[in-house]
Amino acid sequence: MHRRRALSLGATAGLTATAGCLTGLLDDDSAEHAVLEPPEEGVHGDTSYPTYGEPFPAFELEDPIAETSVDVDALDDALVVTAFFASCPAECIPLMNSISRVQSIATDRGFEDETRILAVTFDPERDTADALREHADMLDIDYEADNWHYLRPEDDETATAVVYEDLGIPFEREELGDEYDFIHITVTFLVNPDGYVERAYRGEDPDPGQIADDLEGVLDGLE
């Protein structure tokens, strides 16, 4: 179920969080594997990443904190998935705060056992198990709940294959003397237990309440 998408970061210049009607952009079969109704708003034109009704890519990565591997294709939960790097000074801070709130809301509403949150880093060099533990502590993530996984590619090549090509989230390393940063876009996916995308939320500050509502709608629709 891997879906490779080769693209350049320059090609994503138009991929801003622009709202617009999706009428006419969705394939006729888009809703065949989705639980939710089509989104009312979204980006115009083609996107680099999978959207409503499309299969979510399959990949297997290490959870360095739990010291286990997570095979996305083998999971039977509803998934909330995003990509980030822990030392990000800007976009990833509100992004990951929002995703951590989704975990809290899922627990408060009682569907945490049917939900899996996957945070994929594209900075395996710096995002060691210790760095990710510090990140989890900073965000008050409940790692004992066993529904949150930091996923760490083994090297830069794997990060590019999974995040850039499979997930369609372009990023580019920017050298800053002895340090480095990343230029990247932010996308958060809601994936149903059958492995199809229900929502792809663009932007660095997605609404955790909306994600939780959509997540609950997916789970209720499967009952």
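Refer to the preceding data block for the structure.
Now for a look at the structure at hand. (Residues numbered from 1 in each chain as written. Predicted model: local features only at pLDDT ≥ 70, side-chain atom pairs only at ≥ 80, totals over all residues. Heavy atoms only, no water.)

Re the packing of aromatic side chains
For the coordinates displayed, the defined rule picks out 13 aromatic pairs. Seen from their ring centres, Y49 and F189 are 6.2 Å apart, and the 70 degrees between their planes marks the pair as edge-to-face. Remark: F189 occurs in strand β8 (residues 187–191) and Y49 occurs in the segment before β1 (60–63); sequence separation between them is 140 residues. Overall, the relative accessible area of 0% leaves F189 in the buried class. Between W148 and Y150 the ring centres are 5.8 Å apart and the planes differ by 65 degrees, which places this aromatic pair in the edge-to-face class. (Phe/Tyr/Trp six-rings, centres within 6.5 Å; stacked < 30°, edge-to-face > 60°. Helix = DSSP H or I, 4+ residues; strand = E, 2+ residues; numbered from the N terminus. Buried < 20%, exposed > 50% of the residue type's maximum accessible area, 1.4 Å probe, protein only.)

Some remarks on the environment of D140
Within the secondary structure, D140 is located in the loop between α2 (129–138) and β5 (148–151). For D140, a relative accessible area of 66% corresponds to the exposed category. Between the C-alpha atoms of D140 and R101, which are 39 residues apart in sequence, the distance is 9.3 Å.

Some thoughts on α2
Turning to α2, its buried residues number three or more, namely L132, H135 and A136. The buried residues of α2 occupy an angular sector of 100 degrees when the element is viewed end-on, so they sit on one face. What points out from α2, more than 90 degrees from its buried face, is the exposed set D130, E134, D137 and M138. Next to the buried residues of α2 lie β3 (78–84), α1 (92–109) and β5. One or two residues past the end of α2 sits D140, with phi positive at roughly 60 degrees. (Arc of directions from axis to C-beta. Contact = heavy atoms within 4.5 Å.)

Section: the pairing of strand β2 (residues 68–71)
A regular strand carries its side chains on alternate faces of the sheet. Bridge count between β1 and β2: four bridges; the pairing is antiparallel. Paired with L61 across the two strands is V70, which belongs to β2. The hairpin turn running from β1 into β2, its antiparallel successor, is four residues long, and E67 in that turn takes a positive phi close to 55 degrees. (Pairing = 2+ DSSP bridges.)

Examining the pattern of salt bridges
Under the defined criterion, the tally for this structure stands at seven salt bridges. Residues E216 and R109 are paired through a salt bridge, measuring 2.8 Å at the closest nitrogen-oxygen approach. Of this pair, E216 sits in helix α4 (residues 208–221) while R109 is found in helix α1, placing the two residues 107 residues apart along the sequence. Taking relative accessible area as the criterion, E216 reaches 26% and is therefore assigned partly exposed. Residue D130 is joined to R133 by a salt bridge in which the shortest nitrogen-to-oxygen separation is 2.9 Å. Of this pair, D130 and R133 both sit in helix α2, separated by three residues, roughly a single helical turn. Taking relative accessible area as the criterion, D130 reaches 52% and is therefore assigned exposed. The network of salt bridges with common partners includes R109, D213 and E216. (Salt bridge = Lys/Arg side-chain N within 4 Å of Asp/Glu carboxyl O.)

Some points on the sheet that holds strand β9 (residues 197–202)
One open sheet accounts for five strands, arranged β5-β4-β3-β8-β9; its pairing is mixed. Two strands close off the open sheet at either side, each with one partner strand: β5 and β9. The average angle at which neighbouring strand axes cross in this sheet is 15 degrees, direction not considered. Inspection of the sheet shows β3 paired to strand β4 (residues 115–121) by seven bridges, in the parallel sense. Note that in β4 the partner of V81 across the bridge is L118. (Axes fitted to C-alpha atoms, helices over the stretch in contact; angles between N-to-C directions.)

These figures come from the coordinates and say nothing about function on their own.
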